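Tertiary structure, described
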Amino acid sequence: MQELKILMVDDHPIIIEGYMNVLMATKAEDQKLEIDTANNCDMAEIMINRASDKTHYNICFFDISLPPSQDGKYTSGEDLAKLAKKMMPETKIIILTMFNESFRIHNIIREINPDGFLIKSDLTSMELADAFQHIIKSPPYYSSTVHNFVKQTLTSEIYVDDINRKILYLLSQGIKTKSLLEYIPLSMSAIEKRKKQLKMLFSVEDGKDETLLEMAKEKGFI
């Protein structure tokens with residue numbers, strides 16, 4: 001019997017229920033699934049840390065857009081995926097998201113290199129079931145949108161790293177640029193340089209932070 005311990009993280013309980021029903025209905029006869037769930041970053045962090053001390057998860061599903069942790073340390077499923085990879089290196093990571101912007105997809109692949117990457121609008125029950133079994137045996141598995149973007153923009157240099165994402169997040173929380181020094185270990189000139197690069201990346205023509213945040217949110221980075 002193949003026993004698989006799974007963590008599913010999504011802020012919509014009905015979506016998690018749908019995933020669970022599909023996997024339980026389509027699992028192989030010799031598979032036993034034990035599924036834990038979390039609806040926010042704080043709950044997921046607790047479960048990941050607890051599992052790292054006991055029985056590691058075999059597979060973790062992460063939605064990208066999640067309520068941030070209360071301390072602001074984890075702001076998305078990307079952050080949780082990195083924590084899981086650090087605490088449980090053998091765990092397979094599956095990303096599920098509504099975001100389908102090409103550079104967002106590439107950024108996730110470059111930052112996380114997930115074993116599975118599924119765009120929710122691509123998914124059917126059958127594809128989720130097939131993806132799950134494929135990832136268990138021979139990862140990675142990319143849904144059609146991810147696969148097409150990777151093929152079309154393989155040489156893309158558009159990239160938003162952890163520090164840039166933190167700058168965007170802090171600005172979105174109302175933190176002034178001059179106060180970013182309290183949160184980010186860079187000089188003010190380095191922070192300003194990164195802000196300028198972000199405005200170029202997101203084609204912010206008016207140079208305003210408000211426009212940058214609007215564009216970053218539209219592209220799924222906040």
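Residue positions are given per chain, counted from 1 along the sequence in the order it is written. pLDDT decides what is reported in this predicted model: residues at 70 or higher carry local features, side-chain atom pairs at 80 or more are listed and counted, and totals for whole chains, interfaces and linings draw on all residues regardless. Heavy atoms from the whole structure form the basis of all side-chain values; hydrogens and water molecules are not counted.

Moving on, we get to the overall build of the protein. If you tally the helices and strands in the protein, you get 9 helices and 6 strands. Taking 222 residues into account, the globule formula puts the C-alpha radius of gyration at 17 Å, and the protein, at 18 Å, falls close to it. Its C-alpha atoms put the protein at 60 × 40 × 30 Å along the principal axes. Exposed residues in this analysis have more than 50% of their type's maximum accessible area, buried residues have under 20%, and partly exposed residues fall in between, with area computed by a 1.4 Å probe over protein chains only. Within the span of the protein, comprising 222 residues, buried residues form 48% of the whole. When contacts within the protein are restricted to residue pairs at least 6 apart in sequence, those whose partners lie at least 24 apart make up 66%. Put simply, the protein shows about 11600 Å² of open surface, and 50% of that area lies on carbon and sulfur atoms. Counting from the N terminus, the helices are DSSP H or I runs at least four residues long and the strands are E runs at least two residues long. What the globule rule says is 2.2 Å times the number of residues to the power 0.38, and the radius of gyration is computed from C-alpha atoms. Contacts are residue-level and defined by heavy atoms, with any inter-residue pair within 4.5 Å sufficient. Here, Shrake-Rupley sampling with a 1.4 Å probe gives the accessible areas, and only protein chains in the shown set may cover a residue.

Here the focus is the packing of aromatic side chains. Planes of paired rings set the category: under 30 degrees apart is stacked, over 60 is edge-to-face and the rest tilted, where pairs are Phe, Tyr or Trp rings (Trp by its six-membered ring) whose centres lie within 6.5 Å. Applying the stated rule across the entire model yields 3 aromatic pairs. A centroid spacing of 6.3 Å and a plane angle of 20° characterise the contact between Phe 61 and Phe 132, whose relative ring orientation is stacked. Residue Phe 61 is located in strand E3 (residues 59-63), and its partner Phe 132 is located in helix H5 (residues 125-137); the two are separated by 71 residues in the primary sequence. Here the two residues Phe 61 and Phe 132 agree in accessibility, since each one is buried. Taken together, a centroid distance of 5.6 Å and an interplanar angle of 70° make the contact between Phe 202 and Phe 221 edge-to-face. Taken as a pair, Phe 202 in the loop between helix H8 (188-201) and helix H9 (209-218) and Phe 221 in the segment after H9 lie far apart in primary sequence, 19 residues in all.

Next up on the list: the pairing of strand E2 (residues 31-38). Note on pairing: DSSP must find at least two bridges between two strands before they are called paired. Across 8 bridges, strand E1 (residues 2-9) lies against E2 in parallel orientation. Looking across to E2, one finds that Val 9 is bridged to Ala 38. Note that the unit made of E1, helix H1 (residues 13-26) and E2 has a crossover that is right-handed. The crossover handedness rule: strands pointing away from the viewer, path from first strand over the helix to second strand clockwise, crossover right-handed.

The quantities given are spatial measurements derived from coordinates; they are silent on function.
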